[in-house]
Amino acid sequence: MENFEFFNPVKILFGKGQIAKLRGAVPAGARLLVTYGSGSIKRNGVYDQVMANLQGHTVSEFSGIEPNRAYETLMKAVEVVKRERIDFLLAVGGGSVLDGTKFIAAAARFEGEPWDILAKHAPVSAAVPLGAVLTLPATGSEMNFFAVISRAGTHEKFPFSSPLIFPKFSIIDPQVTFTLPARQVGNGIVDAFAHVLEQYLTYPANAPLQDRFAESILLTLIEEGPKTLAHPADYNSRANLCWCATMALNGLIGLGVPQDWTTHMIGHELTALRGLDHAQTLAVVFPAVLAERKQAKRAKLLQYAERVWGIHTGAEDEKIDQAIENTRAFFESVGVKTRLKDYGVAPEVVQLVSKRLAARGWTTLGERQDIGPKEVEAILSHSL
Ligand code: NZQ
Ligand code: ZN
């Protein structure tokens, strides 16, 4: 296990009725901007709950933060923050709204061109403080310092991170997620599963505790995912999905261990170029990465086959193939298709993605930094 530092200051308020705690969580006297998406919170009563618990605060609103084309919209919110002298942001929604609000927080205090935060990794030295009310369990954004932002005009999608964009608090009331369409629940299951795999399916690093944390999240997702899809208003299974998604990307399971993230980096290009949902890209790319990287990931694939899928018999190669097949079947079983053709994406995208990653200089992906343009093409050719 490598040396590590662990810092996670996010206060989590988890469970039924927790939106009432907004009263105490938002700083007294704050000039607040509530940010949200395209209106799901108005239809399911979350907006009313939030506003009822913000009485007495100075509240402005900014709506219309869309999945996957947010940059242009977010810059309008930055104007509002400056004009209204906003000093606290409250994001109410899924990963797109939370990530967008993290970007607004950083961009509003940035000297220079905010796009550089994304495209040039310009360091963030100040940010407006923010809190979150989560409505979609998937990304883990509620308890981490990452954000991924798309720019529609140029078909680009870039991640950024800064400890300054950790939410001060995040409210997770599983009940407010009952109105999610099945597509988004399935997406959430796949995204959380993929976050664990990116930090687990690499090579052994003498980190048995992190391995077992990771395996416990995977096993719980396999158990609870189908239940919550079948019974969308069952509190218990939905609460378990929510907590799995938060724990999958809050830093804990990745401490001191090698990490991959190839699937996510390829996935962001597919979203930017072809508009697939984030989790759809992961369901397409992950089985392909595993198929192509069988040798590099051999020891962990065997451990995954045995401990997560209970495959104890057969030759080693058969166990690995079966584990990869089970992963694909699991994604399909929660309603997320695993082939590019399922989304009407033509094979030419394989070269396009590989060229784009190369043009950005991202030629050392993977836990051993040995995935370049050729390997990306080989990976994606398994996903046709
Ligand atoms: O816009 P609204 O009206 O809110 O509708 C949303 C949206 O259409 C809807 N929705 C959300 N909560 C709902 C609901 N509908 C009914 N009932 C509810 N309770 O769901 C749709 C999708 O929402 P979105 O926020 O886009 O989904 P998700 O949470 O999956 O977020 C995806 C984004 O997060 C990024 C992804 O790249 C993508 O841009 N990620 C962020 C990460 C992070 N910050 O750590 C890590 C992830 O790997 C990921 O990259
Ligand atoms: Zn993800």
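Residues numbered from 1 in each chain as written. Chains lettered and ligands numbered in written order. Predicted model: local features only at pLDDT ≥ 70, side-chain atom pairs only at ≥ 80, totals over all residues. Heavy atoms only, no water.

Details of a nonpolar patch on the surface
Convention followed: Within the patch definition used here, like charges are joined within 9 Å and nonpolar side chains (Val, Leu, Ile, Met, Phe, Trp, Tyr) within 5 Å, considering only residues with over 30% relative accessible area and no salt bridge. Note on areas: Shrake-Rupley with a 1.4 Å probe; residue coverage comes only from the protein chains shown. Here a salt bridge means any side-chain nitrogen of Lys or Arg lying within 4 Å of a carboxyl oxygen belonging to Asp or Glu. Relative accessibility thresholds used throughout: buried, under 20% of the residue-type maximum; exposed, over 50%; partly exposed, between the two (1.4 Å probe, protein chains only).
Taken together, the side chains of Met 1, Phe 4 and Phe 6 present a nonpolar region at the surface, about 320 Å² in accessible area. Among the residues examined, Phe 4 registers a relative accessible area of 43% and is labelled partly exposed.

Side note on unusual backbone geometry
The line we're drawing: Helix and strand labels come from DSSP, where a helix needs a run of H or I of at least four residues and a strand needs a run of E of at least two; each type is numbered from the N terminus.
The backbone phi angle of Asn 206 is positive, close to 50 degrees, even though this residue is not glycine. Along the polypeptide, Asn 206 turns up in the loop between α7 (182-200) and α8 (208-230). You will see that Gln 369, though not glycine, has its phi angle at about 50 degrees, which is positive. As for its position among the elements, Gln 369 is in the loop between α14 (349-359) and α15 (373-381).

Topic: α8
Keep this limit in mind: Under the convention used throughout, the expected extent of a helix is 1.5 Å for every residue step, that is, one less than its residue count. One axis is fitted to the seven residues ending at the residue and one to the seven starting there. The bend at that residue is the angle between these axes. Any two residues whose heavy atoms approach within 4.5 Å at even a single point are treated as in contact.
Across its 23 residues, α8 extends 33 Å between first and last C-alpha, which sits within 8% of the 33 Å expected from 1.5 Å per residue. The sharpest bend along α8 comes to roughly 30 degrees, located at Glu 224, with the proline Pro 226 sitting one to four residues further on. If you follow the buried residues of α8, they end up packed against α7, α9 (235-248), α12 (298-307) and α13 (316-333).

Some thoughts on the coordination of the zinc ion (ligand 2)
Stated precisely, the cut-off is as follows: Note that water is not among the atoms considered, so a metal site may appear incomplete; the donors listed are N, O and S atoms within 2.8 Å of the metal, with 3.2 Å applied to Na, K and Ca.
The protein atoms that coordinate the zinc ion (ligand 2) are Asp 191 (OD), His 195 (NE2), His 264 (NE2) and His 278 (NE2), at distances of 2.0 to 2.2 Å. If you list the donors of the zinc ion (ligand 2) from N- to C-terminus, the spacing comes out as D-x3-H-x68-H-x13-H. With Asp 191 and His 195 both in helix α7 and four residues apart, the pair spans about one turn of that helix. Each of the two residues, Asp 191 as well as His 195, counts as buried.

Here we look at the pattern of salt bridges
A full pass over the atoms with the stated rule returns 18 salt bridges. Here Arg 360 and Glu 269 are joined by a salt bridge, their closest N and O atoms 2.9 Å apart. Taken as a pair, Arg 360 in the loop between α14 and α15 and Glu 269 in helix α10 (residues 262-274) lie far apart in primary sequence, 91 residues in all. When the shortest N-O distance is used, the salt bridge between Glu 306 and Lys 319 registers 2.8 Å. In this pair, Glu 306 sits in helix α12 while Lys 319 sits in helix α13, placing the two residues 13 residues apart along the sequence. The network of salt bridges with shared partners includes Glu 156, Glu 269, Arg 356 and Arg 360.

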